[in-house]
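# Descriptive structure summary
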Amino acid sequence: MLKTVFDNAPDAGAGDVGGASSLFRLADLVATLRRQWPLIVMVTGAMVALAFIYLVLATARYTATSAVMLNTRKTQLVQQQAVIGDLQIDPAVIDSQVELLKSESVGLKVIRTLKLTEDPEFTDPGRLARVLDTLAGPLRLIGLADASLLSEDRKERLAFQYFDRNLKIKRVGTSYVMEVSFTSQDAAKAARVSNGIVDAYMVGELDARFDATKRANQWLQQRIDELRVQATAADAAVQQFKRDNNIIDTGRGLISEQQLGDVNAQLPAASAGVAEARARLDRIEEVLAGDPANAAVAEVIRSDVITRLRSQYLDVTSRAAEIARRVGERHQSVQQLRGQAEDIKRSIGDEVKRIAATTRSDYEIATTRLAALKANLDSMIGQANLTGEAQVRLRALESASQTYRNLYDTFLQRFMETAQQQSFAIDEARVITAATEPTEKSWPRPLLTLAGALLLGGLCGAGSAVAREALDERFRTTAQVAEATGLPSIGILPLLPPRTPLPNARPADAASRRLADDAGLLRYSVDEPFTRFAEALRAAKVAIDIAALSRPTQVVGIVSALPQEGKTTVAVNLAQAVAHAGARVILIDADLRNPSLTRRLVPEARTGLVEVLRGKLGEGAVVWTDPVSGLHVLPAVLAVSLSHTSELISSRAMAALLARLRQHYDYVFLDLPPAAPIVDVRAVGGIMDAFLMVVEWGRTHKTAVIETIAADACLQAKALGILLNKADKAELRRIESYKGPYHDKYCTDIRERA
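Residues numbered from 1 in each chain as written. Predicted model: local features only at pLDDT ≥ 70, side-chain atom pairs only at ≥ 80, totals over all residues. Heavy atoms only, no water.

So, on to a nonpolar patch on the surface. On the surface, Leu50, Ile53, Val56 and Leu57 cluster together into a nonpolar patch covering about 450 Å² of accessible area. With respect to the helices and strands, Leu50 occurs in helix H4 (residues 37-57). (Patch = residues over 30% accessible without salt bridge, like charges linked within 9 Å, V, L, I, M, F, W, Y side chains within 5 Å. Areas by Shrake-Rupley, 256 points an atom, 1.4 Å probe, with all protein chains shown as cover. Salt bridge = Lys/Arg side-chain N within 4 Å of Asp/Glu carboxyl O. Helix = DSSP H or I, 4+ residues; strand = E, 2+ residues; numbered from the N terminus.)

Structural data, given as structure tokens:
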């Protein structure tokens, strides 16, 4: 895992170090906001303060609103079609009317009517325009520009730009109502402009309809004159053609056409009459051939004479039959009656013959009439064929004449209708709410402005917090340490507070090589064992002991990537804490370039590590003892600066010294120089068992730590973990707020617990 991390170290240092890829997970985002709440509060406060300043300095503005409704029902005084058709109101039409209200033509009309070009609110061009106007002054003086025209034109354009910016027109929901709102620095002016827009719109619509009707009337008048001439000429042509061709029109058509129609209508009736007469004649002849007395022909039945004779015949035959039953057929009375019956029967036959003669005469008359009609029809058809071409031309002339006449009548009627419309215009819209002077300003709105500033400040603060953490290339959490370096994060050491000198403390004794009673912050872990600082050092000791189960960890080097990260303070306090717990511990000042441990803890020493490594003295002659913890300290005293400290600290003498110390001590701690600026740590890595790395919290760049570890293979392999040092307690509480309010309950000064 270490190899993978260090192989990718340049990319990590480029911006992905510290887990920026996971920053935008929700939990990480919440944690980020919690850690950076002071920044969020500061940015939000600044935005709210700016909002207050704006509310104090901003010019009050007022908005007046009027409402116009499009008419869906038009007033009809007469049933006639308008020149301009009524609006078929749909969403597109309403949107078009909204755009018409916003149009430049309406705006300029309002500006000119209300003389807004003379109002400074509408014509103030701003600072830049005033500068340009000043620069254009010399051109006007030499005649290259007309000052008056340019000024008036610009005023009108500036007025319209201001007018357009402060005008708002919208449709109310899905209704036919449009709201016209105008915002101005003066309440009365806002109402005047809003009402002026509505008036200009409605007057413009009426003018448009009036102009369209007027133009239509002019065109209709010209067209009527043309059609009158054309219709008169067509009528004259028809009459002249009739005279030339002897065509007489009775009002129902031509005489020849009427006669032909009449004959053609009579012919079927005549044919039917002939057929009917022939049928009656044939039937009567059949009766004559049979018994006329018993005939059932309609003509016979309808004849009064035959009816009377048949009645007599029946009476006589009935009496004859009655008498015959009584006296027999041969009786004289019977014979007389039989003779009377025969006479009556002959009379009936004679009457039937007369009817037959009459029917035959009717048949001959019908036949003669039918023949006459056919002859007349043939004659008329021949005459019609002769005049057909003339009739065709006549119909063409009459059609043209009728067309011109119809057009003339139509245009004349339309002309009269448009003349009436021109005198009475119908509005397409009406005002349902006139704008009144507003009593409250529409802007700025204090609550809305402050709420917006608060919201915007919160968003900007949150964005700043996220950006700050995303761009922060310093270690602030243990998770960042593990993710960036691949090494365990042992703990976080808070920044130590100043220490008050102990009263009546004994100074160091050079003769007995005994350290002073008051070591200040270098014995903080012993003096304050219940603090978080001491607890983190105990965690480092536990890490050393756990690692000792699998490999040697007796000789431990305390190292940092850069100077001033507090590794010396950490090394001394770690050694003090371990020694105070009862272990045999020696601390070696191995920073031969800058032995700050010796200057701070053993300033009285005159000999030390250098003399031991050069074989001038034994380690027993230069080791000092802490009177409180029992810690042994091997200082490093430099009479002159050494240029080859890496060779000295990695020499066989150093290896031999460490071998001897292993036999007498449980733990050997070395305060090593920073690893990044010099090579001493790399040089001594081969004879070390383990390393503890100290990184300053919130200061040391992640890339510096990663590059330092990547450059030293021994440091990679033997590093037990990293201690974050000098953490700000207040900020640390915000970062670790997820651990709860009782996280540091057991890590307090014993005096506070008492």
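Before going further, it helps to examine the environment of Ala590. One can find Ala590 in the loop between strand S7 (585-589) and helix H21 (596-601). Judged by its relative accessible area of 0%, Ala590 is buried. Ala590 sits 44 residues away from Leu634 along the chain, and the two C-alpha atoms are 8.9 Å apart. When residues no more than four places from it in sequence are discounted, the contact partners of Ala590 are Leu609, Ile649, Leu670, Asp671, Leu672 and Pro673. (Buried < 20%, exposed > 50% of the residue type's maximum accessible area, 1.4 Å probe, protein only. Contact = heavy atoms within 4.5 Å.)

Mapped onto the fold, Leu574 is located in helix H20 (residues 567-580). Relative accessible area serves as the criterion here: at 0%, Leu574 is assigned to the buried category. Separated by 35 residues in sequence, Leu574 and Ala539 have C-alpha atoms that sit 10.0 Å apart. Residues within four places of Leu574 in sequence aside, it is in contact with Leu537, Ala540, Lys541, Ile558, Phe669 and Leu692.

Most of strand S6 (residues 555-560) is tucked away, with 6 of its 6 residues classed as buried. The alternating pattern of S6 places Val555, Gly557 and Val559 on one face and Val556, Ile558 and Ser560 on the opposite face, and all of these are buried. Pairing between S6 and strand S10 (residues 667-671): 4 bridges, direction parallel. Across the sheet, the residue bridging to Val555 is Val668, located in S10. Relative to strand S11 (residues 690-696), S6 runs parallel, the two being bridged by 5 bridges. Of the residues in S11, the one forming a bridge with Val556 is Ala690. (Pairing = 2+ DSSP bridges.)

Quick look at the sheet that holds strand S8 (residues 624-625) now. With respect to topology, 8 strands assemble into an open sheet ordered S5-S12-S11-S6-S10-S7-S9-S8, the strand pairing being mixed. Looking at the sheet topology across the chains shown, the edges are occupied by strand S5 (489-494) and S8. Across the sheet, helix H17 (residues 478-485) lies against S5 and strand S12 (719-727), angled at about 140 degrees from S12, the strand it touches most. Set on the sheet, H20 makes contact with S5, S6, S7, S10, S11 and S12; between it and S10 the angle comes to about 165 degrees. (Axes fitted to C-alpha atoms, helices over the stretch in contact; angles between N-to-C directions.)

Let's shift gears to the environment of Phe691. By the element assignment, Phe691 lies in strand S11. Once residues lying within four places of it in the same chain are set aside, the contact partners of Phe691 are Val556, Gly557, Val559, Leu672, Val681, Gly685, Cys714, Leu715, Lys718, Ala719, Leu720 and Gly721.

Turning to the nonpolar core, a few remarks are in order. In terms of nonpolar packing, the biggest core is built from 48 residues, with Leu609, Val668, Leu670 and Leu672 touching the most fellow members. Those residues in contact with Val668, other than ones at most four positions away along the chain, are Gln554, Val555, Val556, Ile586, Ile588, Leu658 and Leu661. Ranked by size, the runner-up nonpolar core spans 40 residues in total, among them Leu522, Val556, Val637 and Val694. (Core = buried A, V, L, I, M, F, W, Y, C linked by side-chain atoms within 4.5 Å.)

Moving on, we get to the sheet that holds strand S3 (residues 177-184). Pairing between sheet strands relies on hydrogen bonds along the backbone, with the strands arranged either parallel or antiparallel. Pairing is antiparallel in the open sheet, where 4 strands are placed in the order S2-S3-S1-S4. Pairing within the sheet leaves two strands with one partner each, and these edge strands are strand S2 (167-171) and strand S4 (429-433). Within this sheet the neighbouring strands show an average axis-to-axis angle of 25 degrees, counted without direction. Pairing between S2 and S3: 5 bridges, direction antiparallel. Looking at S3, one finds that Ile169 is bridged to Val180.

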